[in-house]
Amino acid sequence: MALKWLKKNKDKSNQRNKKKAEEMAEIEELDALEPEFEEQNALRPADEEPEDEDEELTDEMIEKMLEDELGIAAEDDFDAETAADDIEVLKADDADEVPEVHDAVEVSEVADAVETLDADAVMEDTAPPDDIPKEKKKDGYFNRLRGRLLKSRKSLSGGFDSIFTGKTKIDDELLEELEELLITSDIGVQTSIELIERIAKAKVKDVDQLKAVLKEEVLSILAAESDESRTEITKPHIILVIGVNGVGKTTTIGKLAASAHASGQKVLIGAADTFRAAAVEQLGIWAERANAEFVRHKENADPAAVAFDAVAAASARGCDLVLIDTAGRLHTKVNLMEELKKIKRTVAKQMEGAPHETLLVLDATTGQNAMSQAKMFNEALDISGLVLTKLDGTAKGGIVIGICSELNIPLQYIGIGEQIDDLRPFDAEQFIEALF
């Protein structure tokens, strides 16, 4: 192939030389006829030599053209050592643009750390409940409780910070500010005054000691037990659930039933709220979810009759727990409160000593109105325990302290969300740690 290309280029060179010779002959003839014209090369600068485009190609020139065209180099011209040196020089030049080694290590360490965190997060999200570490199971509810009490905690903690910042001395002015904070947190006027008096008697000397005394006093209020102590639980155990409309009474019954069933108890629910539209149907759905027995009557039936039949059915079926729903009653309506008294008397006729518990459900978001409800219901029915719902939606969780202090009624359950396990037995110590 190279010889063919060489022959072709040599033929072209001969043709150009021949053509050029003919053109030069014509120019000489023209010069002879018109001597006044200057030579064409006269237009060039004196120091510039005309290009000799007609230079004849020699064998050496052809060989050089062949080497340039095909990239062929003579073996004698290749020096392996020189080439290796050149390569090393190129590597060194490129290395100058690479970041230092320690920088690369730091980047890799950061990348590894991010990957580790991502892996941990994935494992945490996808791990089944049985694989959760024991420490996490233990602290899971407290963490949720603390998170759901965020609004109330911010209200109290933010107030503490504003009062105690820069204060090193406990004086009357500081105690007055603290009393105002407790009142605005819906703890109640009377309870707030009593707490401040106890703190003053303790003669605290610094802020940390003041907070410790406040926690102890609040714990003594919340941990107070009911005067009536049950040594044994009669079966079936009858619980009458009362409260105004909208406090979460029906939902509370469903959650209590589900929790009791999970612990191995046989539960029956009586739908004595026969007046509110769709109340029976809603309670029936909860009974189905909780795998509980369900007793109902026709719409607008006598609530006391439903309660009577529920207790009778529970005794016949060997149930452990009976939860009786009641219609929401405005605590200011005397005739409606009388209806609740009738239900309680009817249940007592069916089973001696029943109802064994009367739980009042309160909405934490209603604040001091919840206090008024508790007072009126307690006067009418002698409440044995409280259920406080919707604590996750209020900044005034201090209402718990006020109710327990003024009425001396134990808080048995608190609700911090919509999930079934968000209704839990009240733990005073956990609540105080989460609130403060």
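The coordinates are above.
Below is a summary of the structure that appears in this document. The model shown is predicted, which means the values in this text are computed figures rather than measured ones.

Regarding the overall build of the chain
Moving on, step 1. A tally of regular secondary structure across the chain gives 16 helices and eight strands.
Moving on, step 2. Residues counted as buried form 35% of the 436 residues belonging to the chain.
Moving on, step 3. Accessible surface for the chain amounts to roughly 26900 Å². Of this, 51% is attributable to carbon and sulfur atoms.

Focus on the pattern of salt bridges
Moving on, step 1. Counted according to the given criterion, the structure contains 10 salt bridges.
Moving on, step 2. Notably, a salt bridge pairs Asp320 with Lys235, separated by 3.3 Å at the nearest N-O pair. In this pair, Asp320 is assigned in the loop between helix H12 (303-317) and strand S4 (321-325) and Lys235 in the loop between helix H9 (207-222) and strand S1 (237-242), connecting sequence segments 85 residues apart.
Moving on, step 3. By relative accessible area, which is 17% here, Asp320 ends up buried.
Moving on, step 4. You can call Lys235 exposed: its relative accessible area is 61%.
Moving on, step 5. The residue Lys375 makes a salt bridge to Glu406 at a minimum N-O spacing of 3.6 Å. Separated by 31 residues along the polypeptide, Lys375 in helix H14 (residues 368-381) and Glu406 in helix H15 (residues 399-407) bring together distant segments of the chain.

A closer look at the pairing of strand S5 (residues 357-363)
Moving on, step 1. Counting buried residues along S5, seven of its seven residues qualify, which places the element largely inside the surrounding structure.
Moving on, step 2. Here S5 shows no split at all, with Glu357, Leu359, Val361 and Asp363 on one side and Thr358, Leu360 and Leu362 on the other all buried.
Moving on, step 3. Pairing analysis gives four bridges linking S1 to S5, with the strands arranged parallel. Bridge pairing in S5 links Ile242 to Leu360.
Moving on, step 4. Of the pairings in the sheet, the one linking S5 to strand S6 (residues 385-389) comprises five bridges and is parallel in character.

So, the side chain of Lys255
Moving on, step 1. Looking at the secondary structure, you find Lys255 in helix H10 (residues 249-262).
Moving on, step 2. Nearest to the buried, unbridged Lys255 among oppositely charged side chains is Glu418, at 5.1 Å.
Moving on, step 3. At 2.9 Å, the side chain of Lys255 forms a polar contact with the backbone oxygen of Gly417.
Moving on, step 4. Those residues within four positions of Lys255 in sequence are excluded, and the remaining contacts are Trp286, Gly417, Glu418, Gln419, Ile420 and Leu423.

Things to note about helix H7 (residues 172-184)
Given 3.6 residues to a turn, an α-helix orients residues that are three or four positions apart in the same direction.
Moving on, step 1. A rise of 1.5 Å per residue sets the reference length of H7, with its 13 residues, at 18 Å; its end C-alpha atoms lie 19 Å apart and thus fit the reference within 8%.
Moving on, step 2. Listed in full, the buried residues belonging to H7 are Leu174, Leu175, Leu178, Leu181 and Leu182. One side of H7 holds all its buried residues, which, seen down the axis, span an arc of 115 degrees. Away from its buried face by more than 90 degrees, H7 exposes Asp172, Glu173, Glu176 and Glu180.
Moving on, step 3. The inward-facing, buried residues of H7 contact helix H6 (150-164), helix H8 (189-202) and H9.

A closer look at the pairing of S1
Two faces belong to every sheet, and in a regular strand the side chains alternate between them.
Moving on, step 1. Within S1, six of the six residues are buried, which leaves the element mostly enclosed by the surrounding structure.
Moving on, step 2. Across the two faces of S1 the burial is the same, with His237, Ile239 and Val241 and Ile238, Leu240 and Ile242 all buried.
Moving on, step 3. Where S1 lies against S4, five bridges are found, and the strand directions are parallel. Following the sheet pairing, Ile238 is matched in S4 by Val322.

As for the packing of H9 against H15
Moving on, step 1. For the pair H9 and H15, the least separation of the axes is 8 Å and the interaxial angle reads 60 degrees. One way to sum up the angle between H9 and H15 is to call them oblique. The hand of the H9/H15 crossing is left-handed. Taken together, the residues of H15 that come into contact with H9 (itself represented by Val218, Ile221 and Leu222) are Val400, Ile401, Cys404 and Ser405.
Moving on, step 2. Split into classes, the residues belonging to the contact of H9 with H15 amount to six nonpolar, one polar and no charged.

Scoring rules and cut-offs
- Residues numbered from 1 in each chain as written.
- Predicted model: local features only at pLDDT ≥ 70, side-chain atom pairs only at ≥ 80, totals over all residues.
- Heavy atoms only, no water.
- Helix = DSSP H or I, 4+ residues; strand = E, 2+ residues; numbered from the N terminus.
- Buried < 20%, exposed > 50% of the residue type's maximum accessible area, 1.4 Å probe, protein only.
- Areas by Shrake-Rupley, 256 points an atom, 1.4 Å probe, with all protein chains shown as cover.
- Salt bridge = Lys/Arg side-chain N within 4 Å of Asp/Glu carboxyl O.
- Pairing = 2+ DSSP bridges.
- Lys, Arg positive; Asp, Glu negative; His and termini not counted.
- Polar contact = N/O pair within 3.5 Å; in protein donor to acceptor, adjacent residues only side chain to side chain.
- Contact = heavy atoms within 4.5 Å.
- Expected span 1.5 Å × (residues − 1).
- Arc of directions from axis to C-beta.
- Axes fitted to C-alpha atoms, helices over the stretch in contact; angles between N-to-C directions.
- Parallel < 35°, antiparallel > 145°, perpendicular 65-115°, else oblique.
- Left-handed = near helix turned anticlockwise from the far one by under 90°.
- Nonpolar A, V, L, I, M, F, W, Y, C, P; charged D, E, K, R; others polar.

Limitation: the analysis is restricted to geometry and does not speak to function.
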